[in-house]
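Spelled out, the chains give:
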Amino acid sequence: MNAALWKAAVLNEWRLRSRRVSTLVILLTVVAVSWLMVLDPRTGRATMVTGGQRIAYDSQALAFATGVMACMLFGLAGFYLARGRSQEDLRCGTAAVLAATPVTNVQLLGARWLGAFGFLMSLGTALMLTLWVLQLVRGEGPLRPVPYLQMLLLGLAPGMMMCASLAVLADAWAPLMRKRGDALYWVFWIAQLGFMPAMLSGGASGLSGWQVLDVQGLSVWVVALSRLMDVGSVSIGGAPFRAGLPVLHMPEGLWSRELVALRVGAMGVALLPLLPAVLLFHRYAPDRVKGAGAGRGRAVAVLQWLSRPVLAPMRWLFGQLLGLSARVPGLAGRLLADVSLVLLSQPVLALVMTACVAASVAVPTSALPRVMALALGAWGIAVADVSSRDWQSGTLGMASATAGGAPERGWRQAVAAFGLGVIVGAPALLRLSVEAPLRAAACLAGLLFFSAGAALLGRLTRGARTFLALYLFSLYLGLQRTGIAALDMLGVSGAATAGSVAAYAAAGGLGVLALAAMPRMARGISGISDVSRLIGTTPR
């Protein structure tokens, strides 16, 4: 492949990701989160606090604080945004063309990696430019672009490289192409967050060569900041401060040679998943990627055989529910069919949700939020494709021809997702309604909000991963006990207020109304186009 073709392949990969509706959704989310991350000191809370003293909002501090928080957002969302190319090729029919193209696996996967990494860096650049505007509005010093560029190139870039590499691996190896890869990455991301206390267990006195494995860099930055400011702990992301104490300033000199060497080494570690990706690339071989059983290796088959005694009764029960839905007349039967279909298509997640329902009855109140988080996490993964599966499976026309048709299908899917969430959280909600009614109300409002979001984003993006990335990150933020009501969307941390509950309930209700109005709007636009063609004009 010559240089011109290589450049065209890379740009094509970048354009295919950048022109998605999901890109606009993520970009707007990044802008909103960046403004939420930098709190107004007049509220009594600041983004960086140590020993009750807040750190001034100059370029050095803002670049560091927002970089630490952005690495967690991009570390999770970046993978889901970058992957999915192989499934898209199979759906669009271009897989056979690519398989026959005289391009090596290294060249094809290399172009995909560069396109994915360039796309993520574009989002990071958009975040940096947004923070420049924020610095001019809320900052306490002149705008200095260099600290932001350092954080983008040395702070965020290694994590984005890892996301792009793992996304290429998940698309290249058939067993990871579907939700199995999504779930495993969620476990991997949680393990990365657990890497920080493991690295700091011996104290934060100095940097270690082992920290090159911390690709996201959280443990590295904690040690570097502690040494730079000579403090034992720093709260990042929102903490109260004492207004009577003097304001601190973050000194320069964060990026020492040792720290730069660790981050460059982390870039090399981030490229390692590309090696198994090249070796395991399916090259769209029909026997490896086609059909529902594609990618099921021996290990997966053994696990399925071992879990059959547990999953078989559940499949039978859900099958009975699906049969019952055919006998229940009207809307209730169609809602029951939607819920049954979600459970039948993902029995493992259904098993997790069932176990969490049982645990919610028995665990003490102090452990209830953790059980709720696990149940809500499984629920979010299960309903992520509640509306996008019509496009992905090619059954949209058939589904629209059934009772209720297209006008009902969008909002009904949101209601079905909400109903499943209420069923999964029923024991916990009943207990919370007595002990903490506001938290129960927050959970219900959050379920309605995310149910409408899953259906809306699925219809707009025709995929599940945009919602999945945003939902899992929102759930993680809710577990951090930041004290910010807007981030406690599901009532897990107890920071929700009556205002935040009302806001999310209203947003969820508006989302359901939007889903109900979308088919009518589509018919109106189609009618305008038909009239324009008849009179020989094109609508502007």
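Residues numbered from 1 in each chain as written. Predicted model: local features only at pLDDT ≥ 70, side-chain atom pairs only at ≥ 80, totals over all residues. Heavy atoms only, no water.

(A) Spotlight on the environment of V38. In this structure, V38 sits in the loop between helix 2 (21-37) and strand 1 (45-50). Using a relative accessible area of 2% as the deciding quantity, one classes V38 as buried. Not counting residues within four places of it along the chain, the set of residues in contact with V38 comprises T47, Y57, L62, T66, L134 and R138. (Helix = DSSP H or I, 4+ residues; strand = E, 2+ residues; numbered from the N terminus. Buried < 20%, exposed > 50% of the residue type's maximum accessible area, 1.4 Å probe, protein only. Contact = heavy atoms within 4.5 Å.)

(B) Region of interest: helix 10 (residues 257-270). For helix 10, built from 14 residues, the straight-helix expectation of 20 Å at 1.5 Å per residue is met to within 8% by its first-to-last C-alpha distance of 20 Å. Among the residues making up helix 10, those that are buried are L259, L262, R263, A266, M267, V269 and A270. Down the axis of helix 10, the buried set is contained in an arc of 160 degrees. They therefore lie on one face. The secondary structure elements touched by the buried residues of helix 10 are helix 7 (145-172) and helix 9 (218-229). (Expected span 1.5 Å × (residues − 1). Arc of directions from axis to C-beta.)

(C) Representation of empty space enclosed by the protein in the model. For the coordinates displayed, the defined rule picks out seven cavities of 30 Å³ or more. Size it by volume and the largest cavity reaches roughly 90 Å³. Taken together, A63, T66, G67, A70, G124, L127, M128, L131, Y148, M151, L152 and L156 form the lining of the largest cavity. Secondary structure elements with two or more residues in the lining of the largest cavity: helix 3 (59-82), helix 6 (105-138) and helix 7. (1 Å grid on protein atoms, 1.4 Å probe; cavity = no way out; pocket = protein on both sides within 12 Å on 5 of 7 lines; lining within 4 Å. Points joined across faces, edges and corners; volume = space filled by probe spheres on them.)

(D) How the structure looks around the state of the cysteines. In this structure the tally under the stated criterion is zero disulfides. Between C163, a cysteine without a disulfide, and C71, which holds the nearest cysteine sulfur, the sulfur-to-sulfur distance is 10 Å. Of the residues examined, C163 reaches a relative accessible area of 0% and is grouped as buried. (Disulfide = S-S within 2.5 Å.)

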